[in-house]
Amino acid sequence: MPKHVQSQFTKPFYMDTLILSHKPSSTDAIGMNPRQLAVEALARYNNKGSMEVVSYLESSEAFLLASQRDKSFARNLVSTTFRRLGQIDTILSICCSSYPPKGKYGRILKACLRVGVSQLLFLDTPSFAAVKETIDVLKYESVGAPKPIIQFANAVLRRVDRERAELLERTDVCDNISIRLRKEFESLYGVEATHKIVHQLLDDSAHQFVDLTLRSEVDMDTIITAFEADAKKRFHSILTLPNGSLRIKKNSNAGSIAYWPLYEEGLWWVQDVSSTLPAIALIKALEKEHNVEKDVLSKYHVVDCCAAPGGKTSQLLSAGLTVTAIEASPRRSRRLVENLSRLKFSQDKFKIAVCCGQEWFPDENIDVKGILVDVPCSATGTGSKRPDVLQKDCDLGNLLSTQEALANHCADNILKPGGIMVYATCSLLREESEDQVLRLLERGNMEMLPFEKGEMPGFDDAIHENGWLRVLPGVLGNELKRCDGFFAARLKKL
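Note that the coordinates shown come from a computational prediction; the quantities given were computed from them, not determined experimentally. (Residues numbered from 1 in each chain as written. Predicted model: local features only at pLDDT ≥ 70, side-chain atom pairs only at ≥ 80, totals over all residues. Heavy atoms only, no water.)

**Quick look at the pattern of salt bridges**
Basically, it comes down to this: We define a salt bridge as a contact between a side-chain nitrogen of Lys or Arg and a carboxyl oxygen of Asp or Glu at a distance within 4 Å. Categorising residues by exposure relies on relative accessible area from a 1.4 Å probe, with only protein chains included: less than 20% of the type maximum marks a residue as buried, more than 50% marks it as exposed, and the intermediate range marks it as partly exposed. Secondary structure elements are taken from DSSP: a helix is a run of H or I of four residues or more, a strand is a run of E of two residues or more, and numbering for both begins at the N terminus.
Counting across every chain of the model gives 31 salt bridges. For Glu-163, the salt bridge goes to Arg-159, with nearest N and O atoms at 3.2 Å. Given a relative accessible area of 25%, Glu-163 falls into the partly exposed group. The exposure class assigned to Arg-159 is partly exposed, which follows from its relative accessible area of 25%. Where Arg-247 meets Asp-211, a salt bridge forms, and the shortest distance between an N and an O atom there is 2.7 Å. With Arg-247 in strand β4 (residues 246-250) and Asp-211 in strand β2 (residues 209-214), this residue pair connects regions lying 36 residues apart in the sequence. Take Arg-247 and Asp-211: they sit in the same class, and that class is buried. One connected set of salt bridges, linked through shared partners, spans Arg-83, Arg-84 and Asp-204.

Structural data, given as structure tokens:
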């Protein structure tokens, strides 16, 4: 990519679409103990978010030398510890006369205790391994903790093991989210629904499940057969979801997704079931409003704003539409290019504009029929993947003004009368979602296109009386309770 792409833009830069993705090496090497990897990462990034800790973990030389199994375990230790941090610290405060520990060994001791409790209470690790192998981290030469600290940590973890049921009863799943966010959720959705939402977002088995979206021309049975026939037995089950996604439950030896069946052939991509809804909503609205089918949709031009990593763009291309994908980040744009290249979409059907959405204007000869506006947001609906977003006080800062400016620009400067907008967030907060749509409607140049029962298979109960979709994790029935939180509203320009 040209060097000037890294600078700020006054005009959109259209990326070369021939960048190829890099496939990781399949060679495993023997590395550091996974508990040591996890403890070191947690101690080093004591006050950072889970994404930063996982990034540090995955970039360390010891992690890169570890076996695939040890990498998976270390990653799971870190993410589970973060996910359950509120409950873990509550329990440690009960079991320690003074917590968090201070002094020269305070940070490493706190990390060891947290990882130990995480294993004992939330990962079903055998007690002996959870205690002994975690305490052994303190004994390593690189740590050199004195004997009294090792004895103290051993005593605390053994108490947690003995009293696990009683100690857990003194905690609540909502201890793991910020007090302010808990109050906000309870105000919006009620106490019972809030517990369901948080319980689902903090589900410790979430990492075992991966949702796949298929190219529209791909026979679903072909994909299912390929996964079921996997010689290494890497997959526990494959489930078809109402929207047409496939949900894969992984076994512990699943390994890198880049080596899964038919990945290189570009027949599917990873996408949470909730995040498929905006593109489905736009495609169905175009078909209904213009009374057309796929062969006619191929003549239509749509825009995907804030497009990376490319799941929604891929859905639109798979439906036959011509797409301009807008992404402000050069780094995320590279990932978008790599994903679309792997999926082998025709390059004359899409362009990638690297610029802020508010700075993009269509050429005069382009009639934009629809636009997806998946705005930057607090991402509170993605807590199962990013538990740190639930532990913040949700100071939205400039996000609200950015969201409003982006939606207004798309309505005023990109769409023509009759054009369709789908405004979407992966936020559970009303300020970023419902309130922004109401402000958009108050301006007088947009009207709602309500979702109808049966239009979004499996999501009828998520349709609000105002016609938008509000998807709450843990609240929908059957397998759809396991999903990200999401909001989508569909509007038409007057």
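**Description of helix α16 (residues 330-342)**
What counts is decided by this rule: Given a helix with a known number of residues, its expected span is that number minus one, times 1.5 Å. Two residues qualify as a contact provided that any one of their heavy atoms is within 4.5 Å of a heavy atom in the partner residue.
The terminal C-alpha atoms of α16 lie 19 Å apart, and with 13 residues this matches the ideal 18 Å at 1.5 Å per residue to within 8%. Taken as a whole, α16 has its buried residues at Pro-330, Ser-333, Leu-336, Val-337, Leu-340 and Arg-342. The inward-facing, buried residues of α16 contact β5 (268-270), α15 (311-318), β7 (322-327) and β8 (350-354).

**Brief notes about the sheet that holds strand β3 (residues 235-240)**
Paired through backbone hydrogen bonds, the strands of a sheet run either parallel or antiparallel to each other. Stated formally: The pairing criterion is simple: DSSP has to find at least two bridges between the two strands. Orientation is described by lines fitted to C-alpha atoms, with helices fitted over the stretch in contact, and by angles between N-to-C directions that extend from 0 to 180 degrees.
Ordered in space as β3-β4-β2-β5, the four strands form an open sheet in which the pairing is antiparallel. Unpaired on one side and paired on the other, β3 and β5 mark the two borders of the sheet. When the angles between neighbouring strand axes are averaged without regard to direction, this sheet yields 30 degrees. Sheet topology places β3 next to β4; five bridges connect them, and they run antiparallel. Directly across from Leu-239, in β4, lies its bridge partner Arg-247. Against the sheet, α15 engages β2 and β5, with an angle of about 155 degrees to β5.

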